[in-house]
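Secondary and tertiary structure notes
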Amino acid sequence: MAGVADAAAPGSSGDGRRGGAPEQQQQDAGRGEQKSSCSSGESWLPAGGSGQPPQRTETLGFYESDRERKKKRSVSDLSLLRFISAELTRGYFLEHNEAKYTERRERVYTCMRIPRELEKLMFFGIFLCLDAFLYVFTLLPLRVFLALFQFITLPCYGLRDRRLLQPAQVCDIFKGVILVICYFMMHYVDYSMMYHLIRGQSVIKLYIIYNMLEVADRLFSSFGQDILDALYWTATEPKERKRAHIGVIPHFFMAVLYVFLHAILIMVQATTLNVAFNSHNKSLLTIMMSNNFVEIKGSVFKKFEKNNLFQMSNSDIKERFTNYVLLLIVCLRNMEQFSWNPDHLWVLFPDVCMVIASEIAVDIVKHAFITKFNDITADVYSEYRASLAFDLVSSRQKNAYTDYSDSVSRRMGFIPLPLAVLLIRVVTSSIKVQGVLAYACVVLFYCGLISLKVLNSIVLLGKSCQYVKEANMEEKLFNPPPTSTPGKPLSKPQSKFKSPQGFPTDESFSASVTNQPVHQKENPTSLLVTSNSDQFLTTPDGEDKDISQDNSELKHRSSKKDLLEIDRFTICGNRID
């Protein structure tokens, strides 16, 4: 009895003893204590060994028996032949990550589409630059002649309007006068002396000079169009307003100085390229071509958004067209030196083709990898083409607020006046016109240029209308140009509130092109929504929260139209999705 009492000491009853051991095991396993339940189980097991067997504890997901069985595994299972067999027969399924591989395939297709889409944009843009460039030689002299004729015969017809001349006629006269003055000033620059001065320099110096000239050309282009626009606006600004400028004459002299200096800069570029063509071992030409491939390194591995890529595309269009004109100047100068021998033209032809081919190859590789690294589709180039076409079509509307050549200058950074001055200077110095037959040929050539300009304009206008219709941008053509207060750009709250169709409302625009901009009162609701203090000091709820959500949606929706407001030298910070 004493032994039975001693054996019954751990529990109060037999059922309690049977239920206590499993509870102890569950508590030990829950607390993570490494205890064995065998000793507690021995207190209630019968002498014959019958009853519930002891449970195996689980450690790290394996039972003790499993670990012992793995230890007894034969060494032959870890042999080299088994490893090689596993490597040879190992398989995987690409369909388990279908989205990833589909995206990779689309990237390859995008890179394959880039050359075609890019060259379509380049082709269209180059003809736009050609149209603006031919305008200086063909229609601008005729428009200046008509404006001067109207000004001279004005007393015969009387003053029908307050203005002596229309604003467009005043701008045309200024362009013609600047062109003539700079042409006569270029006669004091000796091209031959400049050529021999550059040719005497070493190859490394010429390479550095050429790179500096490219940077200076971009800086001149960015500031030059502002100088010309300031002159045009100062000369045509209504006189009723308070004078806030230094006068027309200072602006005119600034414009003349700019065009003259920019023309000299382009002349040095053309001379450096001419020296590279005439070098014996062509080392300088090779180095200058390799400079294009350095451009890939400086642009491919940077983050680009759609509007930044639009700026780069415009820059590439302008650069390619400028290179074509520079190559034309080089060929004219070389043909003059060899007495217009046609055989020498075939000597220059391989080098010209090599320069053009390298420029095209660099542009294709650069744009292909930029679109690849930044997940930009090839369809974006059709949007760029539609934006350039919109500029051309809008300049033909009744509510146009700028000339087409000026819009191309702002959009692409291509200013035709300096390049036209240089080309006229080179052509007049290279080709001698003597005799009646020679002047007749000049007249026929001028008529041919006018025909080419008219034909090019008609084709471009037709294609531009097609691109605008494909992009669903026709309704924007009937909206007048936006107005803003002097000295301030168009405010962001005005751009946020759009019509339901996604186009600007008529309230933010002037009634007609003849009316002057009127200062508009700011909407207190827009000020309340866009105020920084309200955003930080108050928490929108109810209707205020709905207004803020609608504004964010409208802002995101209106970002698609920001492409029309981006020119070559706009600093882009927001992405157009």
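Just so it is clear, the model here is predicted, and its values are computed rather than measured.

1. Looking at the overall build of the chain
- When you go through the chain residue by residue, the secondary structure sums to 24 helices and two strands.
- Across the 577 residues of the chain, 38% fall into the buried class.
- For the chain, the computed accessible surface area is about 35400 Å², with 62% contributed by carbon and sulfur atoms.

2. Observations regarding empty space enclosed by the protein
- A complete count under the given rule lists four cavities of 30 Å³ or more for this structure.
- Computed from the structure, the largest cavity encloses a volume of approximately 400 Å³.
- Tyr210, Glu214, Gln269, Glu319 and Asn323 are the residues nearest the centre of the largest cavity, which is lined by 28 residues in total.
- For the lining of the largest cavity, the elements supplying multiple residues, two or more each, are helix H11 (203-236), helix H12 (248-278), helix H13 (283-300), helix H14 (306-337) and helix H15 (342-373).
- With nine residues, H14 is the largest single contributor of residues to the lining of the largest cavity.
- In terms of residue class, the lining of the largest cavity is made up of twelve nonpolar, eight polar and eight charged.
- Approximately 90 Å³ is the volume attributed to the second largest cavity.

3. Looking at the pattern of salt bridges
- Counted according to the given criterion, the structure contains 15 salt bridges.
- Here Arg411 makes a salt bridge to Asp391, at a shortest N to O gap of 2.7 Å. Here the residue Arg411 occupies a position in helix H17 (residues 404-412), and Asp391 occupies one in helix H16 (residues 380-394), the gap between them amounting to 20 residues. Residues Arg411 and Asp391 agree in their burial class; the two are buried.

4. Section: the side chain of Lys453
- Checked against the element boundaries, Lys453 lands in helix H19 (residues 436-470).
- Assessed through its relative accessible area of 5%, Lys453 is described here as buried.
- At a separation of 2.7 Å, a polar atom in the side chain of Lys453 contacts the side chain of Ser457.
- Contacts of Lys453, omitting those with residues within four sequence positions, involve Asp131, Leu134, Tyr135, Thr138 and Leu139.

5. Quick word on the nonpolar core
- Counting residues in each nonpolar core, the largest one holds 104 residues, and the members touching the most others are Ile178 and Phe277.
- Per-element tally for this core: the top contributor is H12, with 16 residues.
- Among all residues touching Phe277, those that are not within four sequence positions of it are Lys282, Leu285, Leu327, Val330, Leu348, Asp351, Val352 and Val355.

6. Side note on helix H7 (residues 139-152)
- Helix length check: H7, at 14 residues, gives a terminal C-alpha distance of 20 Å against a target of 20 Å (1.5 Å per residue), a fit within 8%.
- Turning to H7, its buried residues number three or more, namely Leu140, Val144 and Ala147. Along the long axis of H7, the arc covered by the buried residues comes to 65 degrees, so they all point the same way. In H7, the exposed residues that point more than 90 degrees away from the buried face are Phe145, Leu146 and Ile152.
- Turning to H7, the residues buried within the fold contact helix H6 (98-137) and helix H9 (167-186).

7. Things to note about a nonpolar patch on the surface
- Nonpolar side chains collect at one region of the surface, where Trp340, Val427, Ile431, Val433, Tyr439 and Val442 lie side by side and expose about 510 Å² of accessible area between them.
- Mapped onto the elements, Tyr439 comes out in helix H19.

8. Examining the environment of Arg218
- Here Arg218 lies in helix H11.
- Take Arg218: its relative accessible area is 39%, and that puts it in the partly exposed class.
- Separated by 101 residues in the primary sequence, Arg218 and Glu319 place their C-alpha atoms 9.8 Å from one another.

9. Quick look at the packing of H6 against H7
- Contact pair H6 / H7: the axes reach a minimum separation of 3 Å and the direction vectors enclose 45 degrees. The orientation of H6 relative to H7 falls into the category oblique. Two secondary-structure elements touch here, H6 through Leu134, Tyr135, Val136 and Phe137 and H7 through Leu139, Leu140, Pro141 and Arg143.
- Per-class residue counts for the contact of H6 with H7 are seven nonpolar, no polar and one charged.

Conventions adopted
All residue numbers here refer to positions counted from 1 along the written sequence of the relevant chain. In keeping with the predicted nature of the model, local features appear solely for residues at pLDDT of at least 70, side-chain atom pairs appear and are counted solely at 80 or more, and the whole-chain, interface and lining totals rest on all residues. By convention in this description, side-chain values take in all heavy atoms of the structure and omit both hydrogens and water. Helix and strand definitions follow DSSP, with helices as H or I runs of at least four residues and strands as E runs of at least two, each counted in order from the N terminus. Relative accessible area decides the class of each residue, using a 1.4 Å probe on protein chains only: under 20% of the type maximum gives buried, over 50% gives exposed, and in between gives partly exposed. Per-residue and other accessible areas were derived by the Shrake-Rupley procedure at a 1.4 Å probe size, with only the shown protein chains allowed to occlude residues. Here a cavity means grid points, on a 1 Å grid over the protein atoms only, where a 1.4 Å probe fits yet cannot get out; a pocket means an open set of points with protein on both sides within 12 Å along at least five of seven lines; lining residues are those with an atom within 4 Å of a point. Grid points are joined across faces, edges and corners, and a volume is the space filled by probe spheres set on the points. Polar here means any residue outside two lists: the nonpolar Ala, Val, Leu, Ile, Met, Phe, Trp, Tyr, Cys and Pro, and the charged Asp, Glu, Lys and Arg; Gly therefore counts as polar. The salt bridge criterion pairs a side-chain nitrogen of Lys or Arg with a carboxyl oxygen of Asp or Glu, the two atoms within 4 Å. The term polar contact refers here to a pair of N or O atoms within 3.5 Å; inside protein, the definition further demands a hydrogen-donor-capable atom paired with an acceptor-capable atom, and it admits residues adjacent in sequence only when both atoms are side-chain atoms. Any two residues whose heavy atoms approach within 4.5 Å are treated as being in contact. Buried Ala, Val, Leu, Ile, Met, Phe, Trp, Tyr and Cys residues form a nonpolar core when they are joined through side-chain atoms within 4.5 Å. Here a helix's expected span is defined as the number of its residues, less one, multiplied by 1.5 Å. Note: the arc covers the axis-to-C-beta directions of the helix. Here the term patch refers to residues with relative accessible area over 30% and no salt bridge, with like charges joined within 9 Å and nonpolar side chains (Val, Leu, Ile, Met, Phe, Trp, Tyr) within 5 Å. What counts as an axis is a line fitted to C-alpha atoms, over the stretch in contact for a helix, and the angles between N-to-C directions run from 0 to 180 degrees. Angle categories are assigned with fixed cut-offs, so that under 35 degrees is roughly parallel, over 145 is roughly antiparallel, 65 to 115 is roughly perpendicular, and the rest are oblique.

What is shown is where atoms sit, not what they do.
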